[in-house]
Amino acid sequence: MTAAPPDAAPSDAAPSDVAPSDAGLARAAELYLDLHRHPELSGAEERTAARFADRLAGAGYEVTRGIGGHGVAAVLRNGPGPVVMLRAELDALPVAERTGLPYASTATGRTPDGREVPVMHACGHDVHLACAAGAAAALADDRDAWRGTLLVVGQPAEETLSGARAMLADGLYRRFEPPSVVLAQHTAPLPAGMVAHGRGPVTAGSRTLRVVIHGRGGHAGAPHLALDPVVAAAAVVLRLQSIVAQETSPAEQLVVTVGSLEAAGQGNVIPDRAVLAVTVRGFAEESLERACTAVRRIVRGEAAASGCLREPEFEELSRSGVNTPDPALTEQLRTAHRKLFGPARVAEWPPALATEDFPLFGPAGESLHGVPGIRTAYWMLGMVGPEQWAAAPGPDAARKLAALPANHSPEFRPQVGATLRTGIAALHAAALASLGRP
């Protein structure tokens, strides 16, 4: 990855030829601050969806709500031409914000199992929504500059990798004219004012498995009369690391993570079962399938070695495809962004092991939506302000990037002005490059 040195991190100002109007930026900032103060968990994005839908309706779009949950789709037709879709996400994360900002979230929400948790926009989805609304309004004002149809989508439940599938299953591409191009951007800890495109995969594919190991409950003082599933689960956690260390080529990027291990009970009780959540991430479907097969093999082997009387259970909780944007479209948008921002503000982005359900809107979801030939583009949007960049420890850009709070951190803190200005301009330019000309 390339990035600007600290003294080149852009200020809150930007060249007038790449900036939205002051009024447009103010409206986007107001929406961002409101959404940041009032985040909602995956599947519970009712207020967020309403705010986003109202903004699009106010810009002249025909808005439909409640698609695949709280999903929003807004259409603006402007004569014959391509159908271009802009996608942003509605949901936030169960994270307690620690930024100290005056507009920091103090919101809470309830998980599907009823637990009350803090909620924060720790992944920048509030930025994405504000930029999409700002770009949509600018494109509505610029109808003399393009021809075709804009479809602006607010997607629910991205963090659980279920929202794109739900919207498509609810007929997104049947109820509206399906797009030929789908565009999205995502915040990243680059200096605000920059964008970054990949060459090849941008984010990884993933599988998340729920694994249940069955033991036999009993008294902690008589372990010989019970069968402790926690011991078996602990052995599984350690052995799973061998999938990457011993079964995967060093040249291949693969991650196996045990995100949770639960075995409810008191200190003097041996529980009946232990439940693990295991996520596998990689850049090839074959690698993901091979790793999941290894997870199942290891769990069964350790359960048998522990003498478990019941076979372990496996449930796939979620999956996502490798996010590989269309190469020709990516190059077209890279050129547009370089022309708009200058080459120094358009960086290269290496493959990241984060995951997304965005690929389902394109070729990866063809078996679900049935629309061939859709091209996707996906780029990263810098969000670190100049003061935060300068204060980050490290002598060079790489060290500073490693030290800055990344996505999903409770200290994740986009710099509002330059991030929104650049994000609106980047999305606006990408849409114009993909739409038809008068």
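Data block above holds the structure.
Here's what I pulled together on the structure shown here. (Residues numbered from 1 in each chain as written. Predicted model: local features only at pLDDT ≥ 70, side-chain atom pairs only at ≥ 80, totals over all residues. Heavy atoms only, no water.)

## Focus on the side chain of Glu 356
No. 1: Note on placement: Glu 356 falls in the loop between β16 (352-355) and α9 (366-369).
No. 2: On the basis of relative accessible area, Glu 356 is assigned to the buried category, the value being 1%.
No. 3: One polar contact links Glu 356 to Arg 87, side chain to side chain, over a distance of 2.7 Å.
No. 4: A polar contact is formed between the side chain of Glu 356 and the backbone nitrogen of Phe 358, at a distance of 3.3 Å.
No. 5: The contact partners of Glu 356, leaving out residues within four places of it in the chain, are Arg 87, Glu 89, Glu 158, Leu 161, His 186, Thr 203, Ala 204, Ser 320, Gly 321, Asn 323 and Tyr 378. (Helix = DSSP H or I, 4+ residues; strand = E, 2+ residues; numbered from the N terminus. Buried < 20%, exposed > 50% of the residue type's maximum accessible area, 1.4 Å probe, protein only. Polar contact = N/O pair within 3.5 Å; in protein donor to acceptor, adjacent residues only side chain to side chain. Contact = heavy atoms within 4.5 Å.)

## Some details on the packing of helix α2 (residues 46-58) against helix α3 (residues 125-141)
No. 1: At their nearest, the axes of α2 and α3 sit 9 Å apart, and the two run at 15 degrees to each other. With respect to each other, α2 and α3 are oriented roughly parallel. As α2 runs across α3, the sense of the crossing is right-handed. Seen from α2, the contacting residues are Thr 48, Phe 52, Arg 55 and Leu 56; seen from α3, they are Leu 129, Ala 132, Ala 133 and Ala 136.
No. 2: Of the residues belonging to the contact of α2 with α3, the class tally is six nonpolar, one polar and one charged. (Axes fitted to C-alpha atoms, helices over the stretch in contact; angles between N-to-C directions. Parallel < 35°, antiparallel > 145°, perpendicular 65-115°, else oblique. Left-handed = near helix turned anticlockwise from the far one by under 90°. Nonpolar A, V, L, I, M, F, W, Y, C, P; charged D, E, K, R; others polar.)

## A few points about the pairing of strand β2 (residues 71-78)
No. 1: With seven of eight residues buried, β2 lies mostly within the body of the structure.
No. 2: Of the strand pairs in this sheet, strand β1 (residues 62-67) and β2 are connected by five bridges, and their pairing is antiparallel. Residue Ile 67 lies in a different strand from β2, and its bridge partner there is Gly 71.
No. 3: Counted between consecutive antiparallel strands, the loop separating β1 from β2 contains three residues, among which Gly 68 sits at a positive phi close to 60 degrees.
No. 4: Pairing geometry for β2 and strand β6 (residues 148-155), over seven bridges, is antiparallel. Paired with Asn 78 across the bridge in β6 is Gly 148. (Pairing = 2+ DSSP bridges.)

## Here we look at the packing of aromatic side chains
No. 1: A complete count under the given rule lists three aromatic pairs for this structure.
No. 2: Ring plane angle 75 degrees and centroid distance 6.3 Å describe the contact between Tyr 32 and Tyr 103, whose orientation is recorded as edge-to-face. Remark: Tyr 103 occurs in the loop between β3 (83-89) and β4 (108-110) and Tyr 32 occurs in helix α1 (residues 22-37); sequence separation between them is 71 residues.
No. 3: Exposure remark for Tyr 32: the relative accessible area of 1% places this residue in the buried category.
No. 4: Here Tyr 103 falls in the buried class, since its relative accessible area comes to 12%.
No. 5: Their ring planes at 45 degrees and their centres at 5.3 Å tell us that Phe 358 and Tyr 378 sit as a pair that is tilted. Of the two residues, Phe 358 is situated in the loop between β16 and α9 and Tyr 378 in strand β17 (residues 375-384); the sequence distance between them amounts to 20 residues. Taken as a pair, Phe 358 and Tyr 378 share a single burial class, namely buried.
No. 6: Through a chain of ring-to-ring contacts, the aromatic side chains of Phe 358, Phe 361 and Tyr 378 assemble into a single cluster.
No. 7: Here Arg 296 stacks its cationic end above the ring of Phe 314, 6.0 Å away from the centre of that ring. (Phe/Tyr/Trp six-rings, centres within 6.5 Å; stacked < 30°, edge-to-face > 60°. Lys NZ or Arg CZ within 6 Å of the ring centre and 35° of its normal.)

## Describing α2
No. 1: When the terminal C-alpha atoms of α2 are compared, their 18 Å separation across 13 residues agrees well with the 18 Å that a helix rising 1.5 Å per residue should span.
No. 2: Buried positions along α2 lie against α1, β1, β2, α3 and β6.
No. 3: Taken from the residues just after α2, Gly 60 is the one with a positive phi, measuring 100 degrees. (Expected span 1.5 Å × (residues − 1).)

## Quick word on helix α6 (residues 229-247)
No. 1: For α6, which comprises 19 residues, the first-to-last C-alpha distance of 26 Å matches the rise-based estimate of 27 Å (1.5 Å per residue) to within 8%.
No. 2: Every buried residue of α6 is accounted for by Pro 229, Ala 232, Ala 233, Val 236, Leu 240, Ser 242 and Ile 243.
No. 3: Structurally, the start of α6 carries an N-cap: the backbone nitrogen of Val 230 is 2.9 Å from a side-chain oxygen of Asp 228.

## A closer look at the pairing of β17
No. 1: Most of β17 sits out of view: nine of its ten residues are buried.
No. 2: Of the pairings in the sheet, the one linking strand β7 (residues 181-191) to β17 comprises nine bridges and is parallel in character. Among the inter-strand pairings, Leu 183 is bridged to a residue of β17, identified as Ala 377.

## Considering the nonpolar core
A general feature of soluble globular proteins is that nonpolar side chains tend to end up buried together.
No. 1: Ranked by size, the top nonpolar core spans 54 residues in total, and within it Phe 52, Tyr 61, Leu 183 and Leu 420 carry the most contacts.
No. 2: Top contributing element to this core by residue count: α3, with ten residues.
No. 3: Counting 42 residues, the second largest nonpolar core, distinct from the first, contains Ile 67, Leu 93, Ala 196 and Phe 412. (Core = buried A, V, L, I, M, F, W, Y, C linked by side-chain atoms within 4.5 Å.)

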